[in-house]
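Listed below are the residues making up each chain.
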Amino acid sequence: MTRAGRFAPSPSGELHVGNLRTAILAWLFARSTGRRFLLRVEDLDRARAGAEAVQLRDLAAVGVTWDGAVVRQTDRGPLYAAAIAQLAAAGLTYECFCTRREIQEAPSAPHAPQGAYPGTCRELPAAELEFKRSTRPAAIRLRSSAAEWTVEDVLHGAFTGAVDDFVLRRNDGVTAYNLAVVVDDAEQGIDQVVRGDDLLPSTPRQAYLASLLNIPVPEYAHVPLVVNADGARLAKRDGAVTLGDLAAVGVPAEEVRRAILASLGLPGASLEAALGEFKPAGLPREPWVWAGL
C-alpha cells in the first residue's frame, strides 16, 4: 500500500481558521514527501447534521485536495470490533463499570495524571463481576503493562507520556477515539500523522496500542495551534473565525488561505506555490495568535 497522510476532522460544526491551518499543514507534509492525502470523517459520536458537507466545502475553498473517497468512522465498526477481539483473545482487555465521577474521585498512583484510571475493575472477583454486569453495561478497557511510552515527533523530538488502562469501547457501545484512530490509520495505510499539538499527550497511548496490535507506528508531527489574544485555543466565541463568518464580513477564502500560509512563512498564491517552499524544519514552533483579518 502506498504511503499516505491524512486530515481527520470531527463533524461537530464548521472548521475554524485553526482547523484549516492544520489541514493545510497536513496536506503540505504529505504532498512534499510524495504521499497520498486522505480525508477521514471522525463521526463516531460528535456529528452535527450538515457539518460534514460544510467542512468538505471549506477545505476545497482553501485549496486542500484529497485522494479517493472520504472515509467515515461510522462505516468501520467491524474493523474496531475485530481489533478489540484480537486484544481480548490475548488477555489484554477487561470490563469496567466505573462512572466518570468514580474515576475522578478514586485515589490514583503517585505521579499519575489527573483522571488516569486507577485499576478499580482490573481484577474483579467472579461474583462481583457478575453482579456489576447486572447493574449497568460495561466499558472495555485495555489491560496495559506499560506505565509510559515514548514516541518520536518531527517537531517535538522524543516525547514520553503516561499510559494507563484506557477505554477501548465505551459502555454505550461506541468505540473510543484512541482505538479507532489506530485501527483507521493502519487500515488506510497512513504512515504520517500531522495534527494539532494538543493531541500530543495522547499519542503515546496510541503508539503503545499499535505495538500490541502489531501495527506500524506512523511518523508524527504535532503542529502548533491557533490561539486568541489571551493564548486560549481558538473557538467560535472569538468572533469571525470560520470561512462562513469571515465571508459575511467581506473576507474571501483566498484571503484566509494567504493569511494562513503567511503565518507559516510561505507564499500564499496557492497551496501548490507554497509546496515548493515548504520545509518542516523552518516551521514556526509557537502558536499563531489570531487577530482577525
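Counting from 1, residues in each chain are numbered in the order their sequence is written. Since the coordinates come from a predicted model, pLDDT governs what is reported: local features require at least 70, and pairs of side-chain atoms require 80 or more to be given and counted, while whole-chain, interface and lining totals use all residues. Just so you know, side-chain values use all the structure's heavy atoms and leave hydrogens and water out.

Draft legend 1. Highlighting the packing of helix H6 (residues 177-187) against helix H7 (residues 203-212). Between N-to-C directions, angles span 0 to 180 degrees; the directions come from axes that are lines fitted to C-alpha atoms, helices contributing only their stretch in contact. Only DSSP runs of H or I with at least four residues qualify as helices, and only runs of E with at least two residues qualify as strands; both kinds are numbered from the N terminus onward. Contact geometry for H6 and H7: axes closest at 9 Å, N-to-C directions at 55°. Relative to H7, H6 is oriented oblique. You can see that H6 and H7 cross each other, and the crossing is right-handed. Contact with H6, carried on its side by Tyr177, Asn178, Leu179, Val181 and Val182, involves Arg205, Gln206, Leu209 and Ala210 of H7 and no other residues of that element. Classification convention: Asp, Glu, Lys, Arg as charged; Ala, Val, Leu, Ile, Met, Phe, Trp, Tyr, Cys, Pro as nonpolar; all other residues, Gly among them, as polar. Here the residues of the contact of H6 with H7 sort into six nonpolar, two polar and one charged. Each angle is binned into one of four classes, with values under 35 degrees roughly parallel, values over 145 roughly antiparallel, values of 65 to 115 roughly perpendicular, and all other values oblique. Take the far helix as the reference: if the near one is turned anticlockwise from it by less than a right angle, the crossing is left-handed, and if turned clockwise, right-handed. Residues are treated as being in contact if the distance between any of their heavy atoms lies within 4.5 Å.

Draft legend 2. Fine view of the packing of helix H1 (residues 17-32) against helix H9 (residues 253-263). H9 packs onto H1 with a crossing angle of 65° between their chain directions and a minimal axis gap of 10 Å. Overall, the two elements H1 and H9 adopt an arrangement that is roughly perpendicular. Where H1 crosses over H9, the two elements pack in a sense that is right-handed. Contacts between H1 and H9 involve Val17, Leu20, Arg21, Ile24 and Leu28 from the former and Val256, Arg257, Ile260, Leu261 and Ser263 from the latter.

Draft legend 3. Focus on the sheet that holds strand S4 (residues 93-96). Here the rule is simple: two strands pair whenever DSSP picks up at least two bridges between them. Read from one edge of the open sheet, three strands run S4-S5-S8, paired in antiparallel fashion. With one partner strand each, in any of the chains shown, S4 and strand S8 (167-169) form the two edges of the open sheet. Each strand axis lies, on average, 45° off the axis of its neighbour in the sheet, ignoring direction.

Draft legend 4. Main features of the packing of aromatic side chains. Within 6.5 Å between ring centres, the rings of Phe, Tyr and Trp (the latter by its six-membered ring) count as paired, and their orientation is classed by plane angle as stacked under 30 degrees, edge-to-face over 60, tilted in between. Overall, the coordinates contain three aromatic pairs when judged by the stated rule. Aromatic side chains phenylalanine 29 and phenylalanine 278 sit 5.2 Å apart centroid to centroid with 70° between the ring planes, which places their arrangement in the edge-to-face category. You can see phenylalanine 29 sitting in helix H1 and its partner phenylalanine 278 sitting in the loop between helix H10 (271-275) and strand S12 (288-289), a full 249 residues away along the chain. Judged on exposure class, the residue phenylalanine 29 and its partner phenylalanine 278 are both buried. We count a charge as sitting over a ring when the NZ of a lysine or the CZ of an arginine lies within 6 Å of the ring centre and within 35 degrees of the ring normal. When the ring centre of tyrosine 117 is taken as reference, the NZ or CZ atom of arginine 141 above it lies at 3.6 Å. Only protein chains enter the calculation, and the probe is 1.4 Å; a residue is then buried if its accessible area is under 20% of its type maximum, exposed if over 50%, and partly exposed in between.

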